[in-house]
Each structure stands twice: as structure tokens, then as C-alpha cells.
Amino acid sequence: MFVNYFRNEKLWYNAHMDRTLETPAIAIIRGGTTPDAREASLASGSSVYHTLRDTYDVSDIHLTPAGSFELDGQPIDIENFLQNFDGIVFHTLKGKEAGYIQELCRQYQKASTGNYHTRYGEAGKLERRDILRKTGVKTIPYWRLAANYDAADVTLYEAILKDLRYPVVISPLPDAFSVDAVVVRSEGELLEVLDRCMSLESPVTVSDSYKGNLYATVVMQSFREQSPYVFPAYELLHNHDVANAYDQDDSTHRPLSSGPTPDDVIALSKSVFSALHLRDIARVDILETPDNELYVLDVDPHPALDRHSLVADAAGRVGGTISEVLATVTRHTHKRHKESTKHKKIRNRSGNLI
């Protein structure tokens, strides 16, 4: 009788623990102190909160514009909270604020979503471009002109300008083509713009390979038993009057009108996802030139996750929802953390990781 009671109690305990392990608590951290980052973070965080709260025990933490953290409208010590929290941290913060939370997660060994586990995920836009090139991924060819160049540089620059194919894109930011990019159509116009850029006393980048088809793909670590999984690509449309001058912050997207995503675009998206050691979700922007060459223009390791985002649209095109995507990310994170904890226990017992 006692044996049967003990056995039944053990079975109940194991079943209870299995349910607990499969539905961990979630701490959503959203907001921020800078207006642009805050707006994006709140939108993504709201989507995560409303998606997961029906299945998980969710704590919704707000980073106020003043820089304090609040839970249910009451100030909290975020370090103390995370130190005592047993679950998954799902934050949508940006920049230094995101780095701070991620450092706390590392310090207290807390499970967390996203790509802040890599240097690429923590880096700013300029450093990300440098990391991307160093991986060997095929990125857009460009020339970088120093702000204060000497007589030897002049000869080199003159040779570059002579060989350029117009129109070209010029950016006053080193290693970054963004909303500040300018399209020029002649050498005279280029020299005029270069003079203005040089007056900023910072390096200038010039490229003549910005014509062609521009794709945006969403890559997931795993989705519907495929790993990595590439959702159908989108075409990016721009306001520039020269086709595909790269201007990600001022673009819209639409499904490909020419049919399924080309296989080489899918393969390149997967390879860059792996090369950067990314996980969960990332966005990859790829340029296909008129010569059918593919270049990776940018990889966003923290794409928006709201219901109007590219991620939500991409999921919808395969019959999925943003809810399915976020639930999958949560499962991935929980599984990673369980495996990591298991390995640490083995290492602590034996002194060697098996």
C-alpha cells in the first residue's frame, strides 16, 4: 500500500513538473528612453504579450522614458527581479538598454530570446557591417574614401571615379547605406556631393552596384520541422527615383510578383544566418544585380514582431500566424535553456562537459 502510494505520488510529481517545465514563466520587457526605439519596442512587446499571456504566466515589464522599470505600474529593481526570476526573458528593447538586460541574463544565467548572445546582435549598425564582411558573406562592393586624404590618395580616388558606372550611391556614413544615401548620376554631381560629405570630416562610402532586384527574407532557426526555415521573400520598394538605392528605413514591401523565391536567395539567406551564429528570427536583405549576382546588403538580428510587421506577413503567406511564430521561439528558448542547464550539471559533477 505504502509502495503504491509513493509510486502514485511520484508519478503525480513528475507529471506536474513536466507541465511546469513545458510552460515556463515569461518576463516581457518593453519600452525604452529614446522615442524611435521605444515606439518599435512597445509595438513588438505588445504583440508578444497578447500572444503569450493565454498560455504562459506573463510578467509585463515597462522601461519608462525616464529610465526606470515598472511592473503593474509599480517601480521594481530589475536586477533583483531577474536574479530571482525563473523563466524566459523575452525583451524587445534596443541599443544599450537591450545590451544591459542581456548582460543581466548572462550574469544570472537566465533564458532569453533573440540574438543578443552574439557580438553581431549587440553591435550597432556600423559595426554589424564590419562583422558581416569578416564572415566572408558576399556583401555589396564599395569604395571607402577617407575624410582627410593625402596626395597619394588623390590618384587612387581619381582612378575610382573614372571607372564608376553611373548612377552611383554615396553615403556620408562609413560602411552603411541608409536613409542618408544619395543617388548621383554624373561625375560633376558626384564631386559636388563628395565635397559636402568630406566637410563632415568622416569617411565616405561610394558604390555603383545598386541596380537590380532587392529581396527581404525572414529566417527562423526552426519552423514546422525545417531548420533553418526561410519564409517566402518580399520585394522592397523605394522612394528613390533610381531603382533600388538602398533605403531600408523608408521602404515598403510586397510579396514577389514573379512567383516563388529563387533557390539561390533561399540558400544565401540560410548561409548568412548560420555564418553569424544567429537563432530565433532574423531578417536578411539581398540585392540581385542585373548580372544575376547576389549581395547581402543587411542582416537585421532583431526584426519587428508586431502584427503588422514583415515577420507577421511572412508567416501569413505560409498559412501561419505571428502567434505560431512567437510560440515557436518560446519553445526554442526553453529547450536551449534546459539543454544548457543539463550540460552545466554534468560539468559540475564530472569536471568535464560531455
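Attention in this report is confined to the structure presented alongside it. (Residues numbered from 1 in each chain as written. Predicted model: local features only at pLDDT ≥ 70, side-chain atom pairs only at ≥ 80, totals over all residues. Heavy atoms only, no water.)

As a further point, take the nonpolar core. I26, L52, F90, F231, I281 and V325 are the most contacted members of the largest nonpolar core, which has 34 residues in total. Among the elements that take part in this core, helix α10 (residues 310–317) stands out by supplying five residues, more than any other. Excluding its chain neighbours within four sequence positions, the residues that come into contact with F90 are I26, A27, I28, I29, V48, L52, T113, L305, L326, V329 and T330. Counting residues in hydrophobic clusters, the runner-up holds 22 residues, among them A123, V137, Y215 and V272. (Core = buried A, V, L, I, M, F, W, Y, C linked by side-chain atoms within 4.5 Å. Buried < 20%, exposed > 50% of the residue type's maximum accessible area, 1.4 Å probe, protein only. Helix = DSSP H or I, 4+ residues; strand = E, 2+ residues; numbered from the N terminus. Contact = heavy atoms within 4.5 Å.)

Another aspect to go through is the packing of aromatic side chains. On inspection of all chains with the given rule, the structure shows four aromatic pairs. Residues F81 and F85 carry aromatic rings whose centres are separated by 5.5 Å and whose planes lie at 15° to one another, so their mutual orientation is stacked. The residues F81 and F85 share a single accessibility class, namely buried. Seen from their ring centres, Y229 and F231 are 4.8 Å apart, and the 80° between their planes marks the pair as edge-to-face. Taking relative accessible area as the criterion, Y229 reaches 11% and is therefore assigned buried. (Phe/Tyr/Trp six-rings, centres within 6.5 Å; stacked < 30°, edge-to-face > 60°.)

Within the fold, I76 resides in strand β4 (residues 74–76). Judged by its relative accessible area of 25%, I76 falls in the partly exposed class. When the C-alpha atoms of I76 and H62 are compared, they prove to be 9.9 Å apart, with 14 residues separating the residues in sequence.

A separate point is the side chain of T217. Considering the arrangement of structural elements, one finds T217 in strand β11 (residues 213–220). According to the relative accessible area criterion, T217 is buried, its value standing at 0%. In terms of polar contacts, T217 uses its side chain to reach the side chain of S269, at 2.9 Å. (Polar contact = N/O pair within 3.5 Å; in protein donor to acceptor, adjacent residues only side chain to side chain.)

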